[in-house]
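# Architecture at a glance
One-letter residues, chain by chain:
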Amino acid sequence: MNTPGIEFGRKTSAAYAALCKPLCQKLHLPQTAFDILMFLANNPGYQTASDVVEVRKLKANLVSVNVDRLVQEGYLVRRRTLLRCTEKACPIIEQGRALQEEFGARLLEHTNEAQRKAFFETMDIINKNLDAILEGET
């Protein structure tokens, strides 16, 4: 079986960071702050710094510093432990989502519809298999 190997994840992460870099520079935001903002905007079921740490696997102190910065700059509000994106964050979220769509499209360049369909069906199966494995661990 041909598996992508360890380099695939690293390359994907590096390519995404490279695509984000100009926008982060334009917005004067570190990549981590941008990632936190986009995570909260794209995943409304997650609303705490602890969620960001757990799901995104970021260090708690790094999340804390960047959440504080986003709150201070007016992009997030903190309600007890819940975090909410503000109106000020909307233009960043809009640009970030466009960037994420572009990233997804560029990843799938040079593939046809059948290949994309097979890829997404396989990813769905892998995701269900991961759930089954993780459920067995608890």
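Above this text you will find the structure in question.
Just so it is clear, the structure is predicted and the values come from calculations on it, not from any experiment. (Residues numbered from 1 in each chain as written. Predicted model: local features only at pLDDT ≥ 70, side-chain atom pairs only at ≥ 80, totals over all residues. Heavy atoms only, no water.)

Along its twelve residues, helix H2 (residues 31-42) runs 16 Å from first to last C-alpha, staying within 8% of the 16 Å computed at 1.5 Å per residue. Of all the twelve residues making up H2, ten are buried; the element is thus mostly covered by neighbouring parts of the structure. Of all the residues in H2, the buried ones are Thr 32, Ala 33, Phe 34, Asp 35, Ile 36, Leu 37, Met 38, Phe 39, Leu 40 and Ala 41. Its buried side turned inward, H2 meets helix H1 (6-27), helix H3 (49-56), helix H4 (60-72), strand S1 (76-79), strand S2 (82-85) and helix H5 (90-107). (Helix = DSSP H or I, 4+ residues; strand = E, 2+ residues; numbered from the N terminus. Expected span 1.5 Å × (residues − 1). Buried < 20%, exposed > 50% of the residue type's maximum accessible area, 1.4 Å probe, protein only. Contact = heavy atoms within 4.5 Å.)

Here we come to the environment of Met 38. Turning to its location among the elements, Met 38 is positioned in helix H2. C-alpha of Met 38 to C-alpha of Phe 120: the two residues are 82 residues apart in sequence and 23 Å apart in space. Beyond its immediate sequence surroundings of up to four residues, Met 38 is in contact with Ile 92, Ile 93, Gly 96, Arg 97 and Gln 100.

Next up on the list: the nonpolar core. In this structure, Phe 34, Leu 37 and Leu 70 are the most contacted members of the largest nonpolar core, which totals 27 residues. When contributions to this core are tallied by element, the ones reaching two or more residues are H1, H2, H4 and H5. Of all the elements, H2 adds the most residues to this core, at eight residues. In contact with Leu 70, other than residues within four places in its own chain, are Leu 29, Ala 33, Ile 36, Leu 37, Tyr 75 and Leu 76. (Core = buried A, V, L, I, M, F, W, Y, C linked by side-chain atoms within 4.5 Å.)

Turning to the pattern of salt bridges, a few remarks are in order. In the structure shown here, the tally under the stated rule is seven salt bridges. Across the pair Arg 69 and Glu 73 runs a salt bridge, and its minimum N-O distance is 3.0 Å. The class for Arg 69 is partly exposed, based on a relative accessible area of 29%. On the basis of relative accessibility, which here comes to 26%, the residue Glu 73 falls in the partly exposed class. (Salt bridge = Lys/Arg side-chain N within 4 Å of Asp/Glu carboxyl O.)

Bringing the packing of H2 against H5 into the picture now. Contact pair H2 / H5: the axes reach a minimum separation of 10 Å and the direction vectors enclose 90°. Regarding the angle of H2 to H5, the classification is roughly perpendicular. Residue-level inspection shows Phe 34, Leu 37, Met 38, Ala 41 and Asn 42 of H2 in contact with H5, the latter providing Ile 92, Ile 93, Gly 96, Arg 97 and Gln 100. (Axes fitted to C-alpha atoms, helices over the stretch in contact; angles between N-to-C directions. Parallel < 35°, antiparallel > 145°, perpendicular 65-115°, else oblique.)

In this sheet, S2 lies alongside S1 in antiparallel orientation, the contact comprising four bridges. Its bridge partner lying in S2, Val 77 is registered against Arg 84. In sequence, S1 turns back onto S2 through a hairpin of two residues, with Arg 80 there showing a positive phi of about 55°. (Pairing = 2+ DSSP bridges.)

Our focus in this paragraph is the side chain of Asn 66. Take Asn 66: it is sitting in helix H4. Looking at Asn 66, its side chain comes within polar contact range of the main-chain oxygen of Leu 62, at 2.8 Å. The residues touching Asn 66, leaving out its near neighbours within four places in the chain, are Pro 30, Thr 32, Ala 33 and Ile 36. (Polar contact = N/O pair within 3.5 Å; in protein donor to acceptor, adjacent residues only side chain to side chain.)

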